[in-house]
Amino acid sequence: MSEYLILGIILIAVLWFFNRDRIKNRFYPDKPKNLTLDQQFNSEKREREKEIDRLLSKMGKNGINDLSAKDRKRLDELSKK
């Protein structure tokens with residue numbers, strides 16, 4: 001009987017270890033941050049730059065022909081901002 005108890009405790013510990021992020025997010029969800037206008041602008045700018053970098057690195061491997069029409073359109077939109 002005690003071996004089942006030990007096995008159960010080990011099983012619970014392993015399940016908790018692999019699901020701790022899911023458990024944390026369920027009981028303590030991320031609260032939206034109150035950003036100032038400058039912080040929001042800089043955050044959006046960083047996100048645009050990351051997406052532009054991703055598209056340019058994709059294009060850098062095989063040239064502009066490597067981008068799909070959707071990617072080309074998105075790159076044009078981002079470069080105009």
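Residues numbered from 1 in each chain as written. Predicted model: local features only at pLDDT ≥ 70, side-chain atom pairs only at ≥ 80, totals over all residues. Heavy atoms only, no water.

As named in an unreviewed UniProt entry, the protein chain is Rhomboid family protein, taken from Chryseobacterium aquaticum.

Undergrad: How should I be thinking about the domain arrangement of the protein chain in this particular structure?
TA: Often the size quoted for an interface is simply the accessible area lost on bringing the parts together. Along its sequence, the protein chain is carved into domain 1 (1-29) and domain 2 (31-80). Spacing between the C-alpha centres of domain 1 and domain 2 amounts to 40 Å. (Domains from an automatic or database assignment.)

Undergrad: How should I be thinking about the UniProt feature "domain: DUF6576" (unreviewed entry) in the protein chain in this particular structure?
TA: Those places that UniProt annotates as "domain: DUF6576" (unreviewed entry) correspond, in this numbering, to residues 36-81. Secondary structure content for residues 36-81 is 83% helix and 0% strand, while the C-alpha to C-alpha distance between its ends is 20 Å. (UniProt positions renumbered as here; feature names shortened; annotations may be inferred. Helix = DSSP H or I, 4+ residues; strand = E, 2+ residues; numbered from the N terminus.)

Undergrad: Explain helix α3 (residues 37-62) here, please?
TA: Helical periodicity: at 3.6 residues per turn, an α-helix aligns residues three or four positions apart in one direction. Helix length check: α3, at 26 residues, gives a terminal C-alpha distance of 39 Å against a target of 38 Å (1.5 Å per residue), a fit within 8%. Positive backbone phi, approximately 90 degrees, marks G63, located one or two places after α3. (Expected span 1.5 Å × (residues − 1).)

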